[in-house]
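Chain and residue survey
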Amino acid sequence: MMSSAIEEYKYIAEHSKEPEPALLALGDIYLKLKKSDDAVKSYQKVLKKHPRMAVAYANLASAYAGLDKWQEELNNLKKAVALSPNDPTIRFNLGAAYE
């Protein structure tokens, strides 16, 4: 199932004028599959075009955590909080990253 979803999202990302939603979904699937390197790449592609997307920074932080890159996780969570200071999930994740 997941492999079919990955292929569909890849197709959309390659052929759409607005690939970012597909890239976000692709990154989310990679996180679920513990393919953090691939998730990082997907989220970075989103952030190239939308550098003010808090959710992409938060998800990128999760991908870095999966790679045991704690400083990168923290840095991206701080960026997410700066962009969306009232988001309780992002703030919770930032607090957890400090532990």
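Higher on the page you've got the structure.
Residues numbered from 1 in each chain as written. Predicted model: local features only at pLDDT ≥ 70, side-chain atom pairs only at ≥ 80, totals over all residues. Heavy atoms only, no water.

Residues Tyr43, Leu60 and Ile90 are the most contacted members of the largest nonpolar core, which totals 27 residues. When contributions to this core are tallied by element, the ones reaching two or more residues are helix 1 (2-15), helix 2 (20-32), helix 3 (36-49), helix 4 (54-66), helix 5 (70-83) and helix 6 (88-97). Per-element tally for this core: the top contributor is helix 4, with eight residues. Apart from the residues lying within four places of it in its own chain, the contact partners of Leu60 are Val40, Tyr43, Gln44, Leu47 and Asn76. (Core = buried A, V, L, I, M, F, W, Y, C linked by side-chain atoms within 4.5 Å. Buried < 20%, exposed > 50% of the residue type's maximum accessible area, 1.4 Å probe, protein only. Helix = DSSP H or I, 4+ residues; strand = E, 2+ residues; numbered from the N terminus. Contact = heavy atoms within 4.5 Å.)

To continue, consider the pattern of salt bridges. In total, this model carries one salt bridge according to the counting rule given. A salt bridge links Lys49 to Glu18, with the nearest nitrogen and oxygen atoms 3.7 Å apart. Here the residue Lys49 occupies a position in helix 3, and Glu18 occupies one in the loop between helix 1 and helix 2, the gap between them amounting to 31 residues. Assessed through its relative accessible area of 45%, Lys49 is described here as partly exposed. Using a relative accessible area of 48% as the deciding quantity, one classes Glu18 as partly exposed. (Salt bridge = Lys/Arg side-chain N within 4 Å of Asp/Glu carboxyl O.)

Moving on, we come to the environment of Pro21. Relative to the helices and strands, Pro21 is located in helix 2. Along the backbone, Pro21 and Val46 are 25 residues apart, and their C-alpha atoms lie at a distance of 8.3 Å.

Once that is clear, we can look at the packing of helix 3 against helix 4. The N-to-C vectors of helix 3 and helix 4 enclose an angle of 160 degrees; their axes lie 9 Å apart at closest approach. With respect to their mutual orientation, helix 3 and helix 4 come out roughly antiparallel. Relative to helix 4, helix 3 is oriented so that their crossing is left-handed. Between helix 3 and helix 4, the residues in contact are Ser36, Ala39, Val40, Tyr43, Gln44, Val46 and Leu47 and Ala56, Tyr57, Asn59, Leu60, Ala63, Tyr64 and Gly66, respectively. Considering only residue class, the contact of helix 3 with helix 4 consists of ten nonpolar, four polar and no charged. (Axes fitted to C-alpha atoms, helices over the stretch in contact; angles between N-to-C directions. Parallel < 35°, antiparallel > 145°, perpendicular 65-115°, else oblique. Left-handed = near helix turned anticlockwise from the far one by under 90°. Nonpolar A, V, L, I, M, F, W, Y, C, P; charged D, E, K, R; others polar.)

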